[in-house]
Amino acid sequence: LKMKEEDRAATIQQLEKDNAATVNELVEKSAGLSAEKSTLEAKVASLEGLLKEAGIAIVVKDENIAKLRRENGALLNELNKEKADNATTIEQIVKDNAASTGQLEAALKKEKEDAAATIRQIE
């Protein structure tokens, strides 16, 4: 009976040691898991920040594209107006040249006639 009690005491002692070792092991695993959880939470926060920045960058990019389209539209309108003005100017230059050419032809014809009359008088 005494042996059984000693065996039981030894068994209880061994179980207590095993339990203490298991508890220590679980505490270490828990600490490791807590550290891993903190690392993952930091990564998630970082990714959320990157996603937010990317979203902002996309919005800014879309706004820049819209701004560039407006500016390009304004420049195109200005260019078309300038083109129309140039066409009007070219038409006016052509008309002025035609008038000048007509005047020059008339003056040349008169000079030829005057020269012919002078030659006839000389003869």
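Check the entry above for the structure.
Here is a short report on the structure shown in this document.

What counts and how
Counting restarts for each chain, with residues numbered from 1 along the sequence as it is written. The predicted nature of this model means local features are confined to residues of pLDDT at least 70 and side-chain atom pairs, given and counted, to a pLDDT of 80 or more, with totals for whole chains, interfaces and linings taken over all residues. The side-chain figures draw on all heavy atoms in the structure; neither hydrogens nor water molecules are used. Runs of E in the DSSP output that reach at least two residues are strands. Runs of H or I that reach at least four are helices, and both are numbered from the N terminus. The globule rule is 2.2 Å times the number of residues to the power 0.38, and the radius of gyration it is compared with is taken over C-alpha atoms. Relative accessible area decides the class of each residue, using a 1.4 Å probe on protein chains only: under 20% of the type maximum gives buried, over 50% gives exposed, and in between gives partly exposed. Asp and Glu are treated as the negative residues and Lys and Arg as the positive ones, with His and the ends of the chain left uncounted. The atoms used to mark charge sites are NZ of Lys, CZ of Arg, CG of Asp and CD of Glu. Salt bridges are counted wherever a side-chain nitrogen of Lys or Arg sits within 4 Å of a carboxyl oxygen of Asp or Glu.

### Describing the overall build of the chain
For step 1, the next point in the chain: In terms of helices and strands, the chain carries 1 helix and 0 strands.
For step 2, the next point in the chain: What you see for the chain is a C-alpha radius of gyration of 52 Å, clearly larger than the 14 Å of a compact globule of 123 residues, by over 25%.
For step 3, the next point in the chain: In terms of principal-axis extent, the alpha carbons of the chain reach across some 175 × 25 × 10 Å.
For step 4, the next point in the chain: Evaluated residue by residue, the chain yields a buried proportion of 0% over its 123 residues.
For step 5, the next point in the chain: Placing the 19 positive and 24 negative side-chain charges of the chain at their respective mean positions leaves the two points 2 Å apart.

### Describing the pattern of salt bridges
For step 1, the next point in the chain: Scanning all chains against the criterion turns up 4 salt bridges.
For step 2, the next point in the chain: Linking Lys-37 and Glu-41 is a salt bridge whose minimum nitrogen-to-oxygen distance equals 3.9 Å. Placement of both Lys-37 and Glu-41 in helix α1 (residues 2-122) is noted, with a separation of 4 residues, approximately one turn of the helix.
For step 3, the next point in the chain: By relative accessible area, Lys-37 is classed as exposed at 52%.
For step 4, the next point in the chain: We classify Glu-41 as partly exposed; its relative accessible area is 45%.

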